[in-house]
Amino acid sequence: MINTVTESSAAPILSVRDLKTYFFPDEGTVKAVDGASFDLLPRTTLGIVGESGCGKSVAARSILRIVERPGRIVGGAILLQQNGSQVDLAQLDPQSQEMRQIRGGDIGLVFQEPMTSFSPVHTVGNQIVETIRLHHPVSTQEARERAIAAFRSVGIPKPERRIDEFAFELSGGLRQRAMIAMALSCGPRILIADEPTTALDVTTQAQILDLLRSLQEREGMTIILITHNLGVVAEMCETVVVMYLGRVVEEGPADAIFHNAKHPYTQALLRSIPSIHSTARAELPTIAGSIPHPYNRPAGCPFHPRCPDFMPGTCDKAEPGLTVVGDGQAVSCFLYDRT
Amino acid sequence: MGSPVRLLEVNSLKKFFPIRRGVMRRVVGHVRAVDDVSFFVEKGECLSLVGESGCGKTTTSRCVLRAISPTAGQILFRPEDGSVVDVATLSKGELRPLRRQMQMIFQDPFSSLNPRRTLLDIVAEPLVANKIGSRQEQLDRVAELLKLVGLRPEYMRRYPHAFSGGQRQRIGIARALALNPSLVVADEPVSALDVSVQAQILNLMLRLQDQLGLTYLFVAHDLSVVKHVSDRVAVMYVGRIVEMAPTAPLFATPKHPYTEALMSAVPKPDPRLRSQRIVLEGEVADPANPPPGCYFHPRCRYAVDACRTETPRLREIQPGHFVSCHRAEELTLRGVSG
């Protein structure tokens, strides 16, 4: 993809190439991620957006190699740049020492629901100390000081006291801050945030988004933000990847996605969201039908049964590939596929 | 239009939950979930209660339905015969006939439908419980209701698992409408749905309101959704209404600093509108131990000394525009256009 955001280090820090993660339950095969490709440029925020079942979370979990059984990566590459060399995470053993170092060390993860991600029987501090000591050979005392520093850096008041509390004693916003502190405690280069603000109220969400932004500026972090909320994406991301049923349907710079969307799905999605700027009590444009069940994935382009621009004989026969349509913008739709 | 009829009028509603501690379960304090809330809903309109978690919007709606009994206050409801009854003080037996006229749409379409019963069982349940019609009439009514909400009547022998989230929410709406209610309380009816499906359900609710002359009490945290369905909006903070006004003026010219902050915190789906947010410091006040004066003052950018000591009252500063802020007249706050 053509890079317009950063000029100093244009090479992507992480490249996902034709990633395929399938689940094999007894009932059949679910192609959760089916040929997703995207690049992550250093010090930027990449947004992966889509509705439930589009494969955005599974894509993130594939990068960290924490896809749960019966899921498995069946194809593609996840190339991580590491001190000049390149590692393909898709080829590593999820349990290997190398993968364990990358997970948490190079790439941190923030989950959606901090309540269920923390252990209820250990203090948040102990859990962070454990993480730090797994990655760095430091004493418990020093790890504790680092944990307190991490708490302070994410804006938790009275970090020396909060660190000895349990997750249920913290409010939703503080819990999510603690989660971010834990993800950052080992100084990752990449932070994957999977719906980090979905469980939070809007005013708390604004605080957390501000925090992520200032941390990025301060630490030079690269962020992958996974969300269904187009508002959050518009607010935070330089680059946007739109997914639908396991496939990338469109990707490009945020401004192009929001002001010059090409794919009928992106266009329809943007039209159908209730906006705080729209007139009251007006009928909303809708997308017909609903997301198909993953077992009944439509043939051809997965969006064709709901698409207003459906071309019989084309869209239901073959799957479109990503076609470059503009500066860094690519779309997978036969309307633009000239081959 | 003639003079509007108030279908529902809530006066000084309070609901306190006791906090119990120790072996003796002594009451050591109260969570003031709903603290002196007054509002009215006119026949045929949609009033939204909006606020963040813990602001008391759901508790208020549950009191209105008498799913829980309020601690104090009046809930005046006008049944079809034109009389006025106080729902807050009625006995269980007296409530029964009224319940047919007040129905609820739930938030989670996955947990609010019994997975072991067919659509027919689910939607006909209110009819069966109230012994309305013969079996054949009930069947016809269910078919009619399913058509009304955009589902095929042939599906009535299927179980909920065969339906998507949006379709399940339609089933929940059909059930709520089975008894021809006049008041429908909808508690976050679209927040569990995907965005592309939200619009379908919101459109359906608007259409049904026109078609059947329904009155909605809509409870939500999402201001964009609220803007889409409401005639009037009441913004709640820590158990109180801080501002209540018709939708357009509330969004264009908010009068309470909390409303302003809440609206600016909503991420706008346009990268060109980035960072015009007002980020509130600190956290929502604890309803068990609220601060003195205005509950919002510790987070308010405009707070003055009076805000720390005197509790503001909800007053009407323009016709129909109620606000509880000492400085409502002098402040010029930022709204959203459109």
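Let us look at the structure shown here. (Residues numbered from 1 in each chain as written. Chains lettered and ligands numbered in written order. Predicted model: local features only at pLDDT ≥ 70, side-chain atom pairs only at ≥ 80, totals over all residues.)

Let's talk about helix 5 (residues 140-153) of chain A
Residue and element names in this part refer to chain A.
Right, so step 1: The end-to-end C-alpha distance of helix 5, which contains 14 residues, comes to 20 Å, matching closely the 20 Å that a straight helix rising 1.5 Å per residue would cover.
Right, so step 2: What helix 5 keeps buried is the set A143, R144, R146, A147, I148, A150 and F151.
Right, so step 3: G155 lies just past helix 5 and shows a positive phi near 80°. (Helix = DSSP H or I, 4+ residues; strand = E, 2+ residues; numbered from the N terminus. Expected span 1.5 Å × (residues − 1). Buried ≥ 20, exposed ≤ 12 C-beta atoms within 10 Å, placed from the backbone.)

With respect to the interface of chain B and chain A
Right, so step 1: Contact residues are listed per partner, giving 43 residues for chain B and 39 residues for chain A.
Right, so step 2: A per-element tally of the side of chain B that touches chain A places helix 6 (residues 195-212) of chain B first, with 9 residues.
Right, so step 3: Here the side of chain B that touches chain A is composed, by residue class, of 20 nonpolar, 15 polar and 8 charged. (Contact = placed C-beta atoms within 7 Å. Nonpolar A, V, L, I, M, F, W, Y, C, P; charged D, E, K, R; others polar.)

Details of the nonpolar core
Right, so step 1: With 196 residues, the main nonpolar core has I192(A), I224(A), V123(B) and V235(B) as its most contacted residues.
Right, so step 2: By residue number, the principal contributor to this core is helix 7 (residues 172-184) of chain A, which donates 7 residues.
Right, so step 3: Discounting chain neighbours no more than four positions away, the residues touching V235(B) are V50(B), G51(B), I241(B), V242(B), E243(B), H256(B), Y258(B), T259(B) and L262(B). (Core = buried A, V, L, I, M, F, W, Y, C linked by C-beta atoms within 7 Å.)

Some words on the pairing of strand 6 (residues 102-105) of chain B
Looking along a regular strand, one sees side chains alternate from face to face of the sheet.
All names here are of chain B.
Right, so step 1: By the alternation rule, side chains of strand 6 split into M102 and M104 and Q103 and I105, which are all buried.
Right, so step 2: With 4 bridges connecting them, strand 6 and strand 7 (residues 183-187) associate as parallel partners. Following the sheet pairing, I105 is matched in strand 7 by A186. (Pairing = 2+ DSSP bridges.)

Observations regarding the sheet that holds strand 10 (residues 247-253) of chain A
Residues and elements named next belong to chain A.
Right, so step 1: The strand order across the open sheet built from 8 strands is 6-7-8-3-9-10-12-11, with neighbouring strands paired in mixed fashion. Of all the strands in the sheet, just strand 6 (107-110) and strand 11 (323-326) have a single pairing partner and so form its edges. Sheet twist, expressed as the average angle between the axes of neighbouring strands with direction ignored, equals 20°. (Axes fitted to C-alpha atoms, helices over the stretch in contact; angles between N-to-C directions.)

What about the packing of helix 8 (residues 202-219) of chain A against helix 9 (residues 257-265) of chain B?
Right, so step 1: Relative to each other, helix 8 of chain A and helix 9 of chain B sit at 55°, their axes nearing to 8 Å. The orientation of helix 8 of chain A with respect to helix 9 of chain B, classified from their angle, is oblique. Where helix 8 of chain A crosses over helix 9 of chain B, the two elements pack in a sense that is left-handed. Here helix 8 of chain A contributes V202(A), T203(A), Q205(A) and A206(A) to the contact with helix 9 of chain B, which in turn contributes A261(B), L262(B) and A265(B).
Right, so step 2: Looking at the contact of helix 8 of chain A with helix 9 of chain B, its residues break down into 5 nonpolar, 2 polar and no charged. (Parallel < 35°, antiparallel > 145°, perpendicular 65-115°, else oblique. Left-handed = near helix turned anticlockwise from the far one by under 90°.)

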